[in-house]
Amino acid sequence: MNLRMAAYLTAAATAVSAFSRPAASFAARRCRAAAAVAIPRSRSVASAGSGAPSRLFSSPPAVAAADEASEVIAEDAAAAEGAELSSLNSPFLKTMRDRGFLFQCTNLSELDALLTDAEGKGEAVGAYLGFDATADSLHVGSLLQIMILRHLQKSGHRPIVLVGGGTSKVGDPTGKDESRVMLTDEIIRKNTDGISRVFEKFLSFGESNPADAVMVNNDDWLGSLKYLQFLRDYGTHFTINRMMSFESVKQRLTREAPFSFLEFNYMILQAYDFLELHRRHGARLQLGGSDQWGNMISGVELGRRVDRVQLFALTAPLVTTSDGKKMGKTANGAVWLNADRLSEYDYWQFWRNTDDGDMGQFLKLFTELLLEEIETMERWTGADVNKAKVVLADEATALFHGRECLKAIHDTVDSVFKGAKGAGALTEGLNRIFVSPDEVAEGVKFLDLFVKLGLASSKKEARRLIQGGGARLGDEKIADENAVLDTNGLATC
């Protein structure tokens, strides 16, 4: 083994720990990054022993000779990662590991020691997660992050919910093909109020307990920044070279839409948020999705450079369904969390319609059932798989809307899908619209009704529904895509 490889092993051991599931594939990625530390032209973020993370997810080494050594390092790295993961003591980190939330983490052993020490003293470590106010409701894709905050609080630590009233004025470019639509201050305030409501369903807020959650808005400090002073104080800690190396930036630059200077500043503001939250609320840990890794590392590094404090970053994987699609999207659009955007029944149906291949993963991520129970259900086959999906739907819905809503949902399901008596009295969970007598007299196209009811996202999709035999009026199949609902049709319902 040459000196460059030896230098990599020393730096990697002291600079950062990063994990994903499965560990073996992650180890291979880690080893391919060896040359990024060893080769002078691709420098790490911090020197070995500094305690700051190095960015190990660089491009594959340009030097072919490193490939052979990488295979040896891969086995050692996988063994080291497995040992570190198995030796965790913090209940929070154990939960993240066992339920599939843990993807990447800076200085994992030191974070474990910090959390464990605080738990032993009855103290709480502050950890934050940010949510930009780009809509008046969060959607189910944000639920993974909310569940992380819930597990954090149940482990005795303090969740800090950061609402991005300030950063929403810029717009996060991560994963976007083009610039976000510029929002007015009035819309941002409305959206901020809308998304804030959902957190009370999952977290306990207050000031009497060290683990009580707190909600803050980054417009409180970003809105009053003085541009020149901010550049002088913090601009020197960010380099264009490194910012250009982030995957989110690379991906945007390959697309046709221009990447504005406004959006380019987003990562600086996110890093500054971490510094301010540490100063104001004692935050030591930032949580987020793996697509935010570069921005989060910038915040960790800024805290080390400016306040000489060790901060940490932990990411969760981006959840996709078994067919490779982004979790939380359906043919009818986003699955919203606010009840005024999506009924309890439709929320339950979203989980009930989970693909067989996603059932076990979703039970671990989006319910609080014991892992032993989930492992048992993962072994179920045949018709029992549908029973497991009902359990998933019940538990996920009860966690959000309360268990008392389940009876009405089950009654509605029985009346619609099992032909129960008195169906008309048991459909309060279903979407409904109202049409005037004049509209009925003239006749309302079923295509329009299906779209208005949310049963189809467009008339084209409604036509496919009818052509496929999936549309009915009462017990009668609708065969004509141009058919209308009129007084005769209502009389047969």
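Cut-offs and rules
Residues numbered from 1 in each chain as written. Predicted model: local features only at pLDDT ≥ 70, side-chain atom pairs only at ≥ 80, totals over all residues. Heavy atoms only, no water. Helix = DSSP H or I, 4+ residues; strand = E, 2+ residues; numbered from the N terminus. Buried < 20%, exposed > 50% of the residue type's maximum accessible area, 1.4 Å probe, protein only. Contact = heavy atoms within 4.5 Å. Areas by Shrake-Rupley, 256 points an atom, 1.4 Å probe, with all protein chains shown as cover. Phe/Tyr/Trp six-rings, centres within 6.5 Å; stacked < 30°, edge-to-face > 60°. Expected span 1.5 Å × (residues − 1). Pairing = 2+ DSSP bridges. Axes fitted to C-alpha atoms, helices over the stretch in contact; angles between N-to-C directions. Salt bridge = Lys/Arg side-chain N within 4 Å of Asp/Glu carboxyl O.

A. Spotlight on the overall build of the chain. Scanning the chain for helices and strands turns up 24 helices and twelve strands. Per-residue burial for the chain yields a buried fraction of 47% across its 493 residues. Taking as baseline every contact in the chain between residues at least 6 positions apart, the subset at least 24 positions apart corresponds to 74%. For the chain, the accessible area works out to roughly 24200 Å², and carbon and sulfur atoms hold 51% of it.

B. How the structure looks around the packing of aromatic side chains. All chains considered together, the criterion is met by 13 aromatic pairs. Where Trp-351 meets Phe-366, the ring centres are 5.0 Å apart and the plane angle is 50°; that geometry is what we call tilted. In this pair, Trp-351 sits in helix H16 (residues 344-352) while Phe-366 sits in helix H17 (residues 359-366), placing the two residues 15 residues apart along the sequence. For the pair shown, Trp-351 and Phe-366 are each scored as buried.

C. Representation of helix H7 (residues 143-154) in the model. Its twelve residues place the ends of H7 16 Å apart at the C-alpha level, agreeing with the 16 Å of an ideal helix rising 1.5 Å per residue. Listed in full, the buried residues belonging to H7 are Leu-143, Leu-144, Gln-145, Ile-146, Met-147, Ile-148, Leu-149, Arg-150, His-151, Leu-152 and Gln-153. Immediately downstream of H7, the backbone of Gly-156 shows phi near 95°, a positive value.

D. Fine view of the pairing of strand E3 (residues 158-164). Burial within E3 is extensive, with six of its seven residues counted as buried. Bridge analysis of strand E2 (residues 126-132) against E3 gives seven bridges, and the strand direction is parallel. Considered in E3, the bridge of Phe-131 is made with Val-163. As defined by bridge partners, E3 adjoins strand E4 (residues 214-217) across four bridges and the pair is classed as parallel. Paired with Ile-160 across the strands is Val-214, a residue of E4.

E. Examining the sheet that holds strand E1 (residues 104-105) more closely. The strand order across the open sheet built from six strands is E1-E6-E5-E2-E3-E4, with neighbouring strands paired in mixed fashion. Every interior strand has two partners, whereas the edge strands, E1 and E4, have only one. The sheet strands contacting helix H15 (residues 293-307) are E1, strand E5 (283-289) and strand E6 (312-316), and the helix crosses E6 at an angle near 165°.

F. Here's a closer look at unusual backbone geometry. The phi dihedral of Asn-107 falls on the positive side, at around 45°, and the residue is not glycine. Checked against the element boundaries, Asn-107 lands in the loop between E1 and helix H6 (108-120). Positive phi is not limited to glycine here, since Arg-308 has a value of about 55°. Tracing the chain through its elements places Arg-308 in the loop between H15 and E6.

G. Spotlight on the pattern of salt bridges. Tallying each qualifying case throughout the model produces 19 salt bridges. Linking Arg-304 and Glu-301 is a salt bridge whose minimum nitrogen-to-oxygen distance equals 2.7 Å. One end of the pair, Arg-304, and the other, Glu-301, are both in helix H15, three residues apart, so they sit about a helical turn from each other. Residue Glu-301 is classed as buried on the basis of its relative accessible area, which comes to 5%. Between Glu-378 and Lys-364 there is a salt bridge, with its nearest N and O atoms 3.9 Å apart. Separated by 14 residues along the polypeptide, Glu-378 in helix H18 (residues 371-378) and Lys-364 in helix H17 bring together distant segments of the chain.

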